Amino acid sequence: NSGFNCAQSVFSSFCEEYGLDKSQARKIACSFGGGIGHLGEVCGAVSGAFMVLGLIYGQSEAHESEKKALTYQKVKEFTKRFKEINGTINCTQLLNYDLGDEAQLNAARQAGVFKTKCPKYIMDAVRILEEMIAE
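Residues numbered from 1 in each chain as written. Predicted model: local features only at pLDDT ≥ 70, side-chain atom pairs only at ≥ 80, totals over all residues. Heavy atoms only, no water.

Chemist: Can you walk me through the nonpolar core in this structure?
Modeler: Across soluble globular proteins, you tend to see nonpolar side chains buried next to one another. If you look at the biggest cluster of nonpolar residues, it comprises 35 residues, and the most contacted ones within it are Val10, Ala45, Phe78, Phe82 and Leu129. For this core, the secondary structure elements donating two or more residues are α1 (6-14), α2 (22-29), α4 (44-57), α5 (65-86), α6 (91-95), α7 (102-111) and α9 (118-134). The dominant element in this core, judged by the number of residues it contributes, is α9, at eight residues. Residues in contact with alanine 45, not counting those within four places in the same chain, are Cys6, Ala7, Val10, Tyr121, Ile122 and Ala125. (Core = buried A, V, L, I, M, F, W, Y, C linked by side-chain atoms within 4.5 Å. Buried < 20%, exposed > 50% of the residue type's maximum accessible area, 1.4 Å probe, protein only. Helix = DSSP H or I, 4+ residues; strand = E, 2+ residues; numbered from the N terminus. Contact = heavy atoms within 4.5 Å.)

Chemist: Hey, could you run me through the pattern of salt bridges in this one?
Modeler: For side chains bearing opposite charge, pairing can occur when the charged atoms are close. According to the stated counting rule, one finds eight salt bridges in the structure shown. One salt bridge in this structure joins glutamate 77 and arginine 81, with 2.7 Å as the shortest N-O distance. Pair noted here: glutamate 77 and arginine 81 are both in helix α5, with a separation of four residues, about one helical turn. Since its relative accessible area comes to 14%, arginine 81 is described here as buried. Here arginine 81 ties to glutamate 135 by a salt bridge, and the two come within 2.7 Å at their closest N and O atoms. Here glutamate 135 lies in the segment after α9 and arginine 81 lies in helix α5, a separation of 54 residues in the sequence. Put simply, Glu77, Arg81, Lys120, Asp124, Arg127, Glu131 and Glu135 are held in one network by salt bridges that share partners. (Salt bridge = Lys/Arg side-chain N within 4 Å of Asp/Glu carboxyl O.)

As structure tokens, this is what we get:
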């Protein structure tokens, strides 16, 4: 509820610990809110978590194919855990509003779903990440 979207909230919670400035992290994650730019696709909290996994485990050099494989494995594991709790990683399905439709986006805002539903998805994503990092 501090003015940042779900992706920004999740990604910026971990960024400094892994060497990325919070301001930069929020800029990078900005376009992933609302299921990627209010398209209602992958939940922003999930996208933020994927970015965290890439930041921690990801490939940065062409020869590091094992890091890419590990990152993809972590993304699959995160997705499995998030779906076990919430049933899907799709923003439209989680919120029951199609954010790609302007009328439904406005209805979602009026219904307050970004303040009532999204914090749970953010907390779930952060908790799952914390568990996975600790393993």
